[in-house]
Amino acid sequence: MTKPKIFSMPFAKVYPLCIQKAERKGRTRDEVNQVIFWLTGYDRDSLQRQIDNQTTLEAFFNDAPQLNSNASLIKGVICGYRVEEIEDETMQKIRYLDKLVDELAKGKALEKIFRE
């Protein structure tokens, strides 16, 4: 079975799109970073290394220090798919990030995004 093309896309190409999506709605790069840190366990330096190394999305999520234990609480539809029903783990993680950035862009408070 062939992997979806998005798996081989560099995270460095997706990251600026996340920033743009949030900034268009008045949110900040720092808030996007907080969302990424919360979801993946990366910190500022390790995130920058992933960007500099042109790490693929698949490797970005597979090598993440610690997927947040509350990630399974992320529910809803993104790109026509219910994130909680996506069977492929890597694709689900990609959609988790997409959903969180979408919630951020829609003005949701970070505490609610982090499912606290």
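Just so it is clear, the structure is predicted and the values come from calculations on it, not from any experiment.

Undergrad: Teacher, can you tell me more about helix α1 (residues 11–24) here?
TA: Residues three or four positions apart in an α-helix share a direction because the helix packs 3.6 residues into each turn. For α1, built from 14 residues, the straight-helix expectation of 20 Å at 1.5 Å per residue is met to within 8% by its first-to-last C-alpha distance of 20 Å. Among all positions in α1, only Phe11, Ala12, Val14, Tyr15, Cys18, Ile19 and Ala22 are buried. Down the axis of α1, the sector holding all buried residues measures 155°, keeping them to one side. Turned more than 90 degrees from where α1 packs its buried face, Lys13, Leu17 and Arg24 sit exposed. Looking at the buried positions of α1, the neighbouring elements they touch are α2 (29–40), α3 (44–52), α4 (57–62) and α5 (89–105). After α1 finishes, the residue Gly26 shows a positive phi value of roughly 85°.

Undergrad: Whenever I open this one, the side chain of Arg115 confuses me. Can you help?
TA: Along the chain, the position of Arg115 falls in the segment after α6 (110–113). Accessibility expressed as a relative area gives 16% for Arg115, which makes it buried. A polar atom in the side chain of Arg115 sits 2.8 Å from the backbone oxygen of Ile113. Every residue in contact with Arg115, bar those within four places of it in the chain, is listed here: Asn70, Leu73, Ile74, Lys75, Leu100 and Glu103.

Undergrad: I would appreciate a short explanation of the pattern of salt bridges in the present structure.
TA: Pairing is possible between side chains that carry opposite charge, provided their charged atoms lie close to one another. In this structure the tally under the stated criterion is 10 salt bridges. Its salt-bridge partner being Lys106, residue Asp102 comes within 3.3 Å of it at the nearest N-O pair. For Asp102, a relative accessible area of 13% translates into the label buried. Note on Lys106: relative accessible area 65%, which makes it exposed. Between Lys108 and Glu103 there is a salt bridge, with its nearest N and O atoms 3.7 Å apart. Accessibility expressed as a relative area gives 30% for Lys108, which makes it partly exposed.

Rules behind the numbers
- Residues numbered from 1 in each chain as written.
- Predicted model: local features only at pLDDT ≥ 70, side-chain atom pairs only at ≥ 80, totals over all residues.
- Heavy atoms only, no water.
- Helix = DSSP H or I, 4+ residues; strand = E, 2+ residues; numbered from the N terminus.
- Expected span 1.5 Å × (residues − 1).
- Buried < 20%, exposed > 50% of the residue type's maximum accessible area, 1.4 Å probe, protein only.
- Arc of directions from axis to C-beta.
- Contact = heavy atoms within 4.5 Å.
- Polar contact = N/O pair within 3.5 Å; in protein donor to acceptor, adjacent residues only side chain to side chain.
- Salt bridge = Lys/Arg side-chain N within 4 Å of Asp/Glu carboxyl O.

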